[in-house]
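Overview (structure and organization)
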Amino acid sequence: MAARALLLHAEPGFSLPVFERFAPPPPPATVAARIDAHSAPGEVVVDLAGRGGWIARAAIDRQRLAVSFESSPLDRLLAEVVLRPPDLRHLDAAVQALAASPRRESSLKASILDLYASRCATCGRAVSLDELVWEAFDAADPAAADAIAIDVGGRRARPVRRHYRCPVCRDQLGGGELRQAPLDVADVERAVARGEADDVRARIRERFPVLEGGARLAEELLDLHTPRQLVALSAILERIEGDLRAAPIEAALRLAFLHALWPSSRLAASPGRIASLRIANGRVRLPAGGHWRERNPWLAFEDGVRVVRAFVQRLESGAWGPVPARLGEDLRSLGEGAASVVLRVASPSGYGSLELEATHLARSPLLPKVRLVLTSPPPRPGGERLAWAYHATAWVMGRDAAAGLPLEALFGPAIRPSASWQSTALARALRSVEPALSRDARAVILLDADGPEALVGAALGGVAAGFRVASARLDEPGGQLGGTVELVPPRSLAVPGGPRTRANVPLTVEPGGAGDQDLRRPTGLFAAPERVPDAPFSRADAARSIVETAVEVLKVRGEPISTDGLLGEVVVGLDRHGHLRRLLRASGAGTPGSETPEPEAGRGGDPTPADAAPPDAAPADLVDRVLALVRDELAAAVGRRLVRLDGDRWWLADRADRDGAAIPLADRVEWAVYSLLSTAGPLSESAFFERIATLFAGPDLPDEALVRACLDSYRSLASTPERLVTGDDLLRRSQEHGAVLAALARLGHRLGFDVWLGARQLTRRVDGVPLGSLLSERELAGPPYLGRARPEDLEDVDAIWYVRGRIALLWEVEWTAMLAEPVLRRHARIPPDERITRLLVVLPERVELIRHKLDRSPLLREAIDAGPWSIIKVPHLLAFAAREDATLADLEPYVGLDPLVERTGEQLGLF
């Protein structure tokens, strides 16, 4: 079932803009497929590093229960809205009440707009500014000595232009409502006036937790806002926090405020574009450029309300529909049926409490059945995401929430935590949930687009927690996921083997064909995992395991595979032979029985990168060490067991291994697609992908691009996304195949050639006449003599035109795009000869699929070039055969996937 989620066409997820950038949700179709595959209604799905409650929401929608540890307080805030969307009427009423709430002599909205009061430069009517353009300047410049300015980020800055809306001028003078003009003296004085800004600044500063000696960071973050922006933002926030509201309404208002925060700062350098916030060594690194825009905070807040409102509408009108989650405090509340979701913020203490609850309830009927852990890796605490989380959390949620973040990474040197830090955090989270897991549970890690290091890091994290790696795979380039790693808990009986792929693909479909071929899958690849003996890690043993696993995977797939495609199966092989566990034990990186101490947290939060390192870790990062080991051993096997094609594709070097390889995966997938379309009746596209996904797993798991290329080749023009049908009929195609062979036999005789038809074709009847009757007695004696080519190797060639001792044209007629049997196997036994020309006759419907296969398979490309092979489409061959005065030279314009008769330009010669 592991293939199901990867082959489904995932509709893009949606979230609020800032979360799409820093904490994007997983693809909903992938999440839904995994939940359906690994759990049943009433069971529990656990997300150990949530990004807004999306996995919990999908679980509830499918009648499951959920435990979601949100990665940060902001993710927890988003989850409140995702799991319990507020009623839009109540949200609108709350916003109106907020705007009309009293503040001094007027309302909140009016008092903020008064801070930005101005007059239209054209008609003189009172307006409220949308924004001001500021510029920084050198205070030593004599030309700016008398400028009215303020200090921003250590530089002097002054307002230079205003933007506002005047509906009166629009109606009377025409043009747009949004206008701009230079500032007058009153505008400048209001822009630089501090008023109550100093008192407000002091209150807001207290919301920012800082480490010793780092008070300057809070000051610089406040310097991102002008004095009146601070006053306005503080007033809005005070009303949000001061009024009593339902939790979903308050969460929605805080999210709206969050979306007003950055536009109301110096980060708004141009309309619609917000610069990144960068913090290093406890200092803000301001964006380049001397101009920025001071946005009116109330207008920015209204924009944020519209964003959140539209988000809630999409939640309620989407495929999932409204989800009335009931929040509980612990696992017991799920078991008692009082709650459907337990929602917490991820932290060492939170994971510890889950472990205690699960252990305490282990023998109690109140412990709900936990069948699935579905999560992304814990996000690394570094870079722009941490800077955003610190700034936004302090503003939106306050000091206590922000204190839970790993502050050392902000106040120290800028670093990027390694994938081994992520492994350690994932191992801690998996250990906490393990006591609650059933024996048949699964843990599925949905990887971000971090490439090979993310896959190895997730696998090491699972092994460090005592789990076993059942499967690991990097997603294809351009996919919505970086990949997946599937784990089984320590108490599971065995790692499941993937289902055997149906490899008995008929390479020929006409009567008397070759029939079904046995896959001969190596049984050791999916054997139960070894027991890990108490032995030290051995690089030599690990190297042998890497090479043997790579060889077995290539034999199973039957075609070359990239390093990224091979990596996941190699990691699975290393785990099943115990090498990952031994490596972790040797490095002291927290394998079961050698627990890693809990890393310290930055003021009550997640571990910092430095503290989270294993106590006895080797100088090299463990993830880098595993990746280097795999790369080095694969490279060392080149020439012995492996060869490298096209720079990053691996294939088998040993002849015996190649002979034992399965039919290429691309051909098996093509036949599976045709078989499903022709026998299952009309299917929807989603049902089709689900059915295909059940046929392939493990090393056989195809990429979605291949499945779609096959589907596009075999679906009829009458197909729709809700109803897939095929126009290909096996009997009709077999009859057409015979008709083409008959045409080839007649045409060859007309052109003066002797003709041979394949031995298995001679008894086929076309128009009631056996094909063998088209040949003379001399021609029926057997295939021609072609130098080093053995007669038995020529017997199965569909058709041969020949002049004894001088020239031979070998024809293969295929109605599918499965070229492995004729090109890679049958003709590989026929040595190259300058007297031999090979021609492949294909259907026009298969041309694009053939192109796709040629692009993905260097073996097929090399064989086509080495043949050399010429390709001709069936209609063009029949048109050529219909010409009474046809000569062999006249065939050239018809040859090629883009023949000369269809285009202009250079065309390669036939001979």
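**Examining the overall build of the protein chain**
The helix and strand tally for the protein chain stands at 36 helices and 28 strands. Split into buried and exposed, the 911 residues of the protein chain put 58% on the buried side. When the accessible surface of the protein chain is split by element, carbon and sulfur atoms take 51% of a total near 36,400 Å².

**A short note on the sheet that holds strand E27 (residues 836–842)**
Spatially, the five strands line up as an open sheet ordered E22-E25-E26-E27-E28, and their pairing is mixed. Each of the sheet's edge strands pairs with one partner strand only, and the pair in question is strand E22 (754–757) and strand E28 (869–873). Going from strand to strand, the sheet's axes swing by 20 degrees on average, the running direction of each strand aside. Where E27 meets E28, five bridges bridge the pair, whose relative direction is parallel. The residue of E28 that forms the bridge with Leu840 is Ile871. Its contacts with the sheet place helix H36 (residues 874–881) against strand E26 (807–813), E27 and E28, and it is angled at close to 85 degrees to E28.

**Quick look at the nonpolar core**
Core analysis: the biggest nonpolar cluster contains 80 residues, and Phe688, Leu744, Trp801, Leu810, Trp811 and Leu891 have the highest contact counts within it. Of all the elements, helix H27 (residues 665–679) adds the most residues to this core, at nine residues. In contact with Phe688, other than residues within four places in its own chain, are Val673, Leu676, Leu677, Leu683, Val707, Leu711 and Leu724. Listed in part, the 77 residues of the second largest apolar core include Trp54, Ala235, Ala389 and Val396.

**Some details on the pattern of salt bridges**
Taken as a whole and assessed by the stated rule, the structure comprises 73 salt bridges. Close ionic contact of Arg539 with Asp632 constitutes a salt bridge, the shortest N to O distance being 3.7 Å. Of this pair, Arg539 sits in helix H22 (residues 539–557) while Asp632 sits in helix H25 (residues 622–636); the two residues are 93 residues apart in sequence, bridging distant segments of the chain. In the salt-bridge network here, residues are joined through shared partners; they are Arg201, Arg205, Arg216, Glu219, Glu220, Asp223 and Arg283.

**Things to note about the pairing of strand E6 (residues 126–137)**
Among the twelve residues that make up E6, ten are buried, leaving the element largely enclosed by the rest of the structure. Taken together, the three bridges between strand E5 (residues 117–119) and E6 define a ladder with antiparallel strand orientation. Residue Ala117 lies in a different strand from E6, and its bridge partner there is Ser128. Between the antiparallel neighbours E5 and E6 lie six residues, among them Gly124 with a positive phi of about 80 degrees. Taken together, the five bridges between E6 and strand E12 (residues 291–295) define a ladder with antiparallel strand orientation. In the strand pairing of E12, Val133 is matched with Arg293.

**Details of the environment of Ala346**
Along the polypeptide, Ala346 turns up in the loop between strand E14 (341–345) and helix H16 (348–360). Classification of Ala346 by relative accessible area gives buried; the value is 9%. Sequence-wise, Ala346 and Ala429 are 83 residues apart; in three dimensions their C-alpha atoms are separated by 8.7 Å.

**Points about the packing of helix H12 (residues 227–242) against helix H14 (residues 297–317)**
For the pair H12 and H14, interaxial distance at closest approach is 9 Å and the crossing angle is 45 degrees. It follows from the interaxial angle that H12 and H14 lie oblique. Residues Gln229, Ala232, Leu233, Ile236 and Ile240 of H12 form the contact with H14, whose own contacting residues are Pro297, Trp298 and Phe301. In the contact of H12 with H14, the residues fall into seven nonpolar, one polar and no charged.

**Considerations on the environment of Val200**
Within the secondary structure, Val200 is located in helix H10 (residues 197–205). You can call Val200 buried: its relative accessible area is 2%. Each C-alpha atom of the pair Val200 and Leu230 lies 7.0 Å from the other, and the pair is 30 residues apart in sequence.

**Concerning the state of the cysteines**
Inspection of every chain in the model, using the stated rule, returns zero disulfides. With no disulfide of its own, Cys120 lies closest to Cys169 among cysteine sulfurs, the gap being 3.5 Å. Of all cysteine sulfurs, the one in Cys169 lies closest to Cys166, which takes part in no disulfide; the gap is 3.4 Å. Relative accessible area serves as the criterion here: at 2%, Cys166 is assigned to the buried category.

**Notes on the packing of aromatic side chains**
Applying the stated rule across the entire model yields 18 aromatic pairs. Ring plane angle 45 degrees and centroid distance 5.3 Å describe the contact between Trp298 and Phe301, whose orientation is recorded as tilted. Taken together, the residues span about one helical turn, with Trp298 and Phe301 both in helix H14 at a distance of three residues. Judged by relative accessible area, which is 1%, Trp298 ranks as buried. Among the aromatic side chains, those forming a connected cluster through ring pairs are Phe19, Phe22, Trp262 and Trp388. Above the face of the Trp292 ring, Arg266 is positioned so that its terminal group lies 4.2 Å from the ring centre.

**Brief notes about the side chain of Thr549**
Within the secondary structure, Thr549 is located in helix H22. In this view, Thr549 contacts Glu569, Val570 and Gly573; residues no more than four positions away in its chain are not counted.

**A look at the sheet that holds strand E16 (residues 437–447)**
Sheet strands associate in pairs through backbone hydrogen bonding, adopting either a parallel or an antiparallel arrangement. The eight strands lie next to each other as E13-E14-E2-E1-E15-E16-E18-E17, forming an open sheet whose pairing is mixed. Bordering the open sheet on either side are strand E13 (327–328) and strand E17 (468–474), each of which pairs with just one other strand. Strands E16, E17 and strand E18 (483–488) of the sheet are contacted by helix H21 (residues 452–464), whose axis makes an angle of about 170 degrees with E17.

**Quick word on the pairing of E14**
Burial of E14 is extensive: four of the five residues sit out of reach of the surface. Sheet topology note: the strand E2 (residues 65–70)/E14 ladder contains five bridges and is parallel. Its bridge partner lying in E14, Val67 is registered against Val342. Summarising the sheet, E13 and E14 pair through two bridges and their orientation is parallel.

**Remarks on helix H17 (residues 383–397)**
For H17, built from 15 residues, the straight-helix expectation of 21 Å at 1.5 Å per residue is met to within 8% by its first-to-last C-alpha distance of 21 Å. Most of H17 sits out of view: twelve of its 15 residues are buried. Within H17, the full set of buried residues consists of Arg385, Leu386, Ala387, Trp388, Ala389, Tyr390, His391, Ala392, Thr393, Ala394, Trp395 and Val396. Gly398 sits one or two positions beyond H17 and adopts a positive phi of about 100 degrees.

**Comments concerning the environment of Glu329**
Relative to the helices and strands, Glu329 is located in the loop between E13 and helix H15 (331–335). Overall, Glu329 belongs to the exposed group, its relative accessible area being 66%. Residues Glu329 and Val342 lie 13 residues apart in sequence; the distance between their C-alpha atoms is 5.9 Å. Leaving out residues up to four positions away in the same chain, Glu329 has contacts with Val342 and Arg344.

**Thoughts on the packing of H16 against helix H20 (residues 419–433)**
One can describe the packing of H16 onto H20 by two numbers: an axis separation of 7 Å at closest approach and a directional angle of 25 degrees. Between H16 and H20, the angle is such that the two are roughly parallel. On the side of H16, the interface is formed by Pro348, Tyr351, Leu354 and Glu355, while H20 contributes Arg428, Ala429, Arg431, Ser432 and Val433. Split into classes, the residues belonging to the contact of H16 with H20 amount to five nonpolar, one polar and three charged.

**Some remarks on unusual backbone geometry**
The peptide bond linking Gly867 to Pro868 adopts the cis configuration, its omega dihedral lying at -15 degrees. Structurally, the position occupied by Pro868 is in the loop between helix H35 (858–866) and E28. In this structure, Asn281 is a non-glycine residue whose phi angle is positive, near 55 degrees. Its place among the elements puts Asn281 in the loop between strand E10 (278–280) and strand E11 (283–285).

Definitions and limits used
- Along each chain, residue indices are assigned from 1 in the same order as the chain's sequence is written.
- The predicted origin of the model limits local features to residues at a pLDDT of at least 70 and limits the giving and counting of side-chain atom pairs to 80 or more, whereas totals for whole chains, interfaces and linings rest on all residues.
- Excluding hydrogens and water, the side-chain values take into account all heavy atoms of the structure.
- Only DSSP runs of H or I covering at least 4 residues are called helices, and only runs of E covering at least 2 are called strands; the numbering of each starts at the N terminus.
- Using a 1.4 Å probe on the protein chains alone, a residue whose accessible area is under 20% of its type maximum counts as buried, one over 50% counts as exposed, and one in between counts as partly exposed.
- Working definition of accessibility: Shrake-Rupley area with a 1.4 Å probe, residue cover restricted to the visible protein chains.
- Whether two strands pair comes down to DSSP finding at least two bridges between them.
- For helices, the axis comes from a line fit to the C-alpha atoms of the stretch in contact; other axes are also lines fit to C-alpha atoms, and the angle between any two N-to-C directions lies between 0 and 180 degrees.
- Residue contacts are defined here by distance: any two heavy atoms, one from each residue, within 4.5 Å place the two residues in contact.
- Side-chain atoms within 4.5 Å link the members of a nonpolar core, which is a set of buried Ala, Val, Leu, Ile, Met, Phe, Trp, Tyr and Cys residues.
- We count a salt bridge whenever a side-chain nitrogen from Lys or Arg sits within 4 Å of a carboxyl oxygen from Asp or Glu.
- We call two directions roughly parallel when the angle between them is under 35 degrees, roughly antiparallel when it is over 145, roughly perpendicular when it lies between 65 and 115, and oblique otherwise.
- Polar here means any residue other than Ala, Val, Leu, Ile, Met, Phe, Trp, Tyr, Cys and Pro, which are nonpolar, and Asp, Glu, Lys and Arg, which are charged; Gly is therefore polar.
- Criterion for a disulfide: a pair of cysteine sulfur atoms at a distance within 2.5 Å.
- In this analysis, rings of Phe, Tyr and Trp, with Trp reduced to its six-membered ring, are considered paired at centre separations within 6.5 Å, and the interplanar angle assigns stacked below 30 degrees, edge-to-face beyond 60, and tilted for intermediate values.
- Whether a charge sits over a ring depends on NZ of Lys or CZ of Arg being within 6 Å of the ring centre and within 35 degrees of the ring normal.
- Every helix has an expected span of 1.5 Å times one less than the residues it contains.

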